[in-house]
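# Remarks on the overall topology
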Amino acid sequence: MNTLRNRLFFLFFIFLASCTPKKKTEVPQENLIPYTVVQVFPHDTKAFTQGLTVYQGRLFESTGQDNSWIAEVDIATGIQSKKVTLDKQYFGEGITIINNKIYQLTWQNHVGFVYDFKTFGKIADFKNEHEGWGITHNGSNLIMSDGTSKLYFLDTANLTIVKSVSVKENEIEQGDLNELEFIDGHVYANQWKTNYLLKIDPATGNVVGRMDLTPLYEKALAVNPNIDVLNGIAYESKSKLLLVTGKNWPALFAIRLK
């Protein structure tokens, strides 16, 4: 990953950086988490991104709609390899990887899948009583969203829910929680149909900060007017870079939190 960070796509980045973001809803400055864009990588505009994760320095992505898939992605080119395509009855959602196992959610089928990380061979199915949206882990539990304000914590052995928390900001529930990533003790969540990432205390469910990625959305929109919403968060711990993209976005942004 560190060597890939040195492969700057200068022309693409300069073009994106020249786009002017539109005016957006103001958020109290004390709640905003500042960041800088370090690098821009290409992203497949056909990928309806539902999940994004880094494991052992390698990037993995999951998609939804027809021909939902999970695949390893070459960050330098955006090209997928080692792909698993779901049966058309399934609408793929988020993925996470722990203990050399890939966990994938589906949207309204109330089922998830577990794959062997090395071979991508399916190990098991598991039932999910809620809709599947985003999934991550804290090293001991899987953490899942279902499009509401709830986060569910699952036992990795039997995949049962051990607890849940309601996500609130100033005592107001924050719904539409989507793609998730666990970073340095906090859960980061895409909030569907917004350009925000919420930073959540997993013990209390309190939102302790938020990132406004509207400038990135506007830059992606200028390149591809057919993009959908922001969705996709992955953290590379060695470089401490946060990778973000969206559904049908032409770019994967590597950003650093200030």
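Residues numbered from 1 in each chain as written. Predicted model: local features only at pLDDT ≥ 70, side-chain atom pairs only at ≥ 80, totals over all residues. Heavy atoms only, no water.

## Some details on the confidence of the model for the chain
In the predicted model, the chain carries a mean pLDDT of 90, and the fraction of residues at 70 or more is 88%. Of the regions scoring below 50 in pLDDT, residues 1-26 engages in 49 contacts with residues more than four places distant in sequence or in other chains. (pLDDT = per-residue confidence, 0-100. Contact = heavy atoms within 4.5 Å.)

## What about the pairing of strand β3 (residues 58-63)?
Among the six residues in β3, five count as buried, and that is most of the element. Between the antiparallel neighbours strand β2 (residues 49-55) and β3 lie two residues, among them Q56 with a positive phi of about 55°. In terms of strand pairing, β3 meets strand β4 (residues 69-73) through four bridges, oriented antiparallel. By the bridge assignment for β4, E61 is matched with A71. Between β3 and β4, which follow one another and run antiparallel, lie five residues, and Q65 among them has a positive phi close to 65°. (Buried < 20%, exposed > 50% of the residue type's maximum accessible area, 1.4 Å probe, protein only. Helix = DSSP H or I, 4+ residues; strand = E, 2+ residues; numbered from the N terminus. Pairing = 2+ DSSP bridges.)

## Observations regarding the sheet that holds strand β6 (residues 92-98)
In space, the four strands of this open sheet follow the order β6-β7-β8-β9, with antiparallel pairing throughout. Of all strands in the sheet, those bounded by a partner on one side alone are β6 and β9 (122-127). Across this sheet, the average inter-strand angle for adjacent strands is 20°, counted without regard to direction. Bridging between strand β8 (residues 111-116) and β9 involves five bridges; their strand directions are antiparallel. The residue bridging V111 from the neighbouring strand is K127, located in β9. (Axes fitted to C-alpha atoms, helices over the stretch in contact; angles between N-to-C directions.)

## Topic: the nonpolar core
If you look at the biggest cluster of nonpolar residues, it comprises 20 residues, and the most contacted ones within it are M211, L213, L242, V244 and I255. Those elements giving two or more residues to this core turn out to be β1 (35-42), α3 (214-223), β20 (230-236), β21 (241-246) and β22 (251-257). Judged by nonpolar contacts, the second largest core, of 14 residues, contains F60, I95, F113 and Y115. (Core = buried A, V, L, I, M, F, W, Y, C linked by side-chain atoms within 4.5 Å.)

## Details of unusual backbone geometry
One non-glycine residue, N67, lies in positive phi territory at about 55°. Among the structural elements, N67 can be located in the loop between β3 and β4. Phi is positive for D184, close to 50°, though the residue is something other than glycine. Along the polypeptide, D184 turns up in the loop between β16 (177-183) and β17 (186-191).

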